[in-house]
Amino acid sequence: MSDTLTYVYAVARDVDPAAVAGLEGLDGRPVRTVEHGGVTAVVSDADRAEFEERALEERLEDLEWLAATARAHHHVVDTLGRDHVLAPLGLATVYFDDERVRAVLAESAATFGAVLDRLAGRAEWGLKVYARGRPAAPEAAEKPRSGADYLRARRKALREGDTTLEDARAAAVEVDAAVTALAAATRAHRLQDAQLSGQTDPMVLNQAYLVDVERVDDLRAAVASFADHPRVRVELTGPWVPYSFAAAAPGTGS
């Protein structure tokens, strides 16, 4: 039995083997292609001892290993995604060998074809919307004269904070509607807390959009129209390889 498995980064169309020459994946291993029926799997060898099911369960708890694997995975996908239509597969997608990968390409030809058709000529864009913080109270504001005054002021501040967040959420719905009108598809992502986002203002929208290349100027203009919104701050990122829209691609194999 071989000491390696075949790790699959993505499936694509029309990838010349020369396009991956010199490209390195996991542990610096060379990337190669496996092709069947016009669909290409972008692959490299992976250490069997790390990716067999029992070992992989343990590895996925190792944050350092997970980060290194993710970096290698995204490096391959992002490098090829600049010039090719591709559908990224999930992290740690492995098969027994290249022949098994070729068989999967044959078995799932219709699925892969539909995914690649949907992604052709499009890119993923990310949109995060944050509630703008309330202006700080003037320094000269009168201090509470009693405990009761303090509690009344505190309740008022909390009510105003709730109202501000509600207004921001309502504004985020408007932003999302404007961008969704330009998108071929959308995906909602989990809101990030301040520790993860690195922002002090609360996040009220975290969305991905699949947008036709020819509509990018319209997208930027739509987002820019909210730049001076009093309730929210809008952050547009991209274009990205469409990770959020490749979900129909088959996952981990054997």
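Everything here concerns the structure above.
The structure reproduced in this document is the subject of the present report. (Residues numbered from 1 in each chain as written. Predicted model: local features only at pLDDT ≥ 70, side-chain atom pairs only at ≥ 80, totals over all residues. Heavy atoms only, no water.)

## Regarding unusual backbone geometry
Phase 1 of the analysis: The linkage connecting G238 with the following residue, P239, adopts the cis geometry, with an omega of 0 degrees.
Phase 2 of the analysis: The residue P239 is located in strand β9 (residues 232–240) in this model.
Phase 3 of the analysis: If you check the backbone angles, D14 has positive phi at about 55 degrees while not being a glycine.
Phase 4 of the analysis: Mapped onto the secondary structure, D14 falls in the loop between β1 (4–13) and β2 (32–36).
Phase 5 of the analysis: Of note, A92 is a non-glycine position whose phi angle comes to about 65 degrees, a positive value.
Phase 6 of the analysis: Looking at the element boundaries, A92 is found in the loop between β4 (86–88) and β5 (94–95). (Helix = DSSP H or I, 4+ residues; strand = E, 2+ residues; numbered from the N terminus.)

## Observations regarding the nonpolar core
Phase 1 of the analysis: Grouped together as the largest cluster of nonpolar side chains are 23 residues, with contacts concentrated most on Y7, Y9, L26, V31, F51 and L86.
Phase 2 of the analysis: The set of elements that each furnish at least two residues to this core consists of β1, β3 (39–47) and α3 (63–81).
Phase 3 of the analysis: If sequence neighbours within four positions are ignored, L26 has contacts with Y7, Y9, S44, A46, F51, T69 and A72.
Phase 4 of the analysis: A131, A172, V204 and L219 belong to the second largest nonpolar core, which has 22 residues in total. (Core = buried A, V, L, I, M, F, W, Y, C linked by side-chain atoms within 4.5 Å. Buried < 20%, exposed > 50% of the residue type's maximum accessible area, 1.4 Å probe, protein only. Contact = heavy atoms within 4.5 Å.)

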